[in-house]
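Listed here are the chains, written in short residue letters.
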Amino acid sequence: MSFIAEYTLSNPILYETREAVPEITVEVEDEQPALEDDSRLTLWARGEESELDRFFQKLPDDPTITSFETLAELSGRRLFRITLSSAGERGLTYIDAIELGITFLEIKAMGTTMEYRAQIPSREALSSYRDRCDEADLSFALRRLYQNDAEASAKYGLTARQRDVLYRALEQGYFEVPRETSAEALAEEFEISSQALSALIRRGQKALVRSTIANDRDN
């Protein structure tokens, strides 16, 4: 049985720049570790244009990189590539993760916090990964550990699409009272009509009730 782990690391990569411009969200797009030095990361920076300008003005002085280049500029976001210095290399845990069978699903940072979501093959692998982070003086804090989404979906009778929509609806506050987002906004994100989104939510909720409450009563 595999798991999804959500955790934070006290990662030094771009720490000073992130601390100076905490309004910017940085998302890792690709990691290219090197055997010795010159590992590179491709990242998205997202935020207001004025904050993005401040962020990129700070980059040349960041001690965890030796160089950077901008690959693309879009409204509210920029894609860029950095080459890590020896100080930055300490925060690169990609090789350790691969050796332990761990797959990074999402890495993002805002301010001084760097958050990870990863697929973990076992609790033992997670423990070993945590030990390696400790050895690199990277403070590890587990926020959440849960069963793999695909396995959980099968268990609860959900389709992958229903699972994704329900999770996003929960994350965006759709089920709060009053609602913090609308069906129209969620539908736009999934590129479907609001009617189709509402149907997915209803069917997903029905599947959850059948596999939990109704199943308990039958037993």
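Computed from a predicted structure; not experimentally measured. (Residues numbered from 1 in each chain as written. Predicted model: local features only at pLDDT ≥ 70, side-chain atom pairs only at ≥ 80, totals over all residues. Heavy atoms only, no water.)

Student: Describe in detail the overall build of the protein chain, supporting the description with residues and values.
Tutor: Per the secondary structure count, the protein chain includes nine helices and eight strands. Expressed as lengths along the three principal axes of its C-alpha atoms, the size of the protein chain is roughly 60 × 40 × 25 Å. Counting all 219 residues of the protein chain, 38% fall into the buried class. Counting contacts in the protein chain only where the partners sit at least 6 residues apart, residues at least 24 apart contribute 64% of the total. Entry remark: accessible area of the protein chain is about 12,500 Å², with carbon and sulfur atoms responsible for 45%. A distance of 9 Å separates the average location of the 26 positive side-chain charges in the protein chain from that of its 41 negative side-chain charges. (Helix = DSSP H or I, 4+ residues; strand = E, 2+ residues; numbered from the N terminus. Buried < 20%, exposed > 50% of the residue type's maximum accessible area, 1.4 Å probe, protein only. Contact = heavy atoms within 4.5 Å. Areas by Shrake-Rupley, 256 points an atom, 1.4 Å probe, with all protein chains shown as cover. Lys, Arg positive; Asp, Glu negative; His and termini not counted. Charge placed at Lys NZ, Arg CZ, Asp CG, Glu CD.)

Student: Tell me about empty space enclosed by the protein, and please be specific about residues and values.
Tutor: All told, the structure shown has one cavity of 30 Å³ or more when counted by the stated rule. By volume, the largest cavity is sized at about 120 Å³. Lining the largest cavity are 18 residues; nearest its centre among them are Ile13, Val28, Leu41, Ile107 and Met114. When contributions to the lining of the largest cavity are tallied by element, the ones reaching two or more residues are strand S2 (25-32), strand S3 (40-46), strand S6 (103-110) and strand S7 (113-120). Considering each element in turn, the lining of the largest cavity owes the most residues, four residues, to S6. For the lining of the largest cavity, the residue count by class is 12 nonpolar, three polar and three charged. (1 Å grid on protein atoms, 1.4 Å probe; cavity = no way out; pocket = protein on both sides within 12 Å on 5 of 7 lines; lining within 4 Å. Points joined across faces, edges and corners; volume = space filled by probe spheres on them. Nonpolar A, V, L, I, M, F, W, Y, C, P; charged D, E, K, R; others polar.)

Student: Any details on the side chain of asparagine 11? Residues and values, ideally.
Tutor: Mapped onto the elements, asparagine 11 comes out in the loop between strand S1 (3-9) and helix H1 (15-20). For asparagine 11, a relative accessible area of 1% translates into the label buried. In terms of polar contacts, asparagine 11 uses its side chain to reach the backbone carbonyl oxygen of glycine 91, at 2.8 Å. Those residues in contact with asparagine 11 that lie beyond four places of it in its chain are Arg18, Gly91, Met114, Tyr116 and Leu138. (Polar contact = N/O pair within 3.5 Å; in protein donor to acceptor, adjacent residues only side chain to side chain.)

Student: If you had to explain the sheet that holds strand S4 (residues 65-74) to someone new, which residues and values would you point to?
Tutor: With antiparallel pairing, eight strands are arranged side by side in an open sheet as S4-S5-S3-S2-S6-S7-S1-S8. The open sheet has two edge strands, S4 and strand S8 (140-147), and neither has a second partner. With direction set aside, neighbouring strand axes in the sheet form an average angle of 20°. Pairing between S1 and S8: seven bridges, direction antiparallel. Along S8, the bridge assignment pairs glutamate 6 with arginine 144. Strand contacts of helix H5 (residues 123-135): S1, S6, S7 and S8, with the helix running at about 165° to S8, the strand carrying the most contacts. (Pairing = 2+ DSSP bridges. Axes fitted to C-alpha atoms, helices over the stretch in contact; angles between N-to-C directions.)

Student: Provide a residue-level description of the pattern of salt bridges, including the pertinent values.
Tutor: Summed over the entire model, instances satisfying the criterion amount to 14 salt bridges. A salt bridge links glutamate 115 to arginine 143, with the nearest nitrogen and oxygen atoms 3.4 Å apart. One end of the pair, glutamate 115, is in strand S7; the other, arginine 143, is in strand S8, with 28 residues separating them in the sequence. According to the relative accessible area criterion, glutamate 115 is partly exposed, its value standing at 26%. Overall, the relative accessible area of 52% leaves arginine 143 in the exposed class. What emerges from the salt-bridge pattern is a single network uniting Glu23, Glu51 and Arg54. (Salt bridge = Lys/Arg side-chain N within 4 Å of Asp/Glu carboxyl O.)

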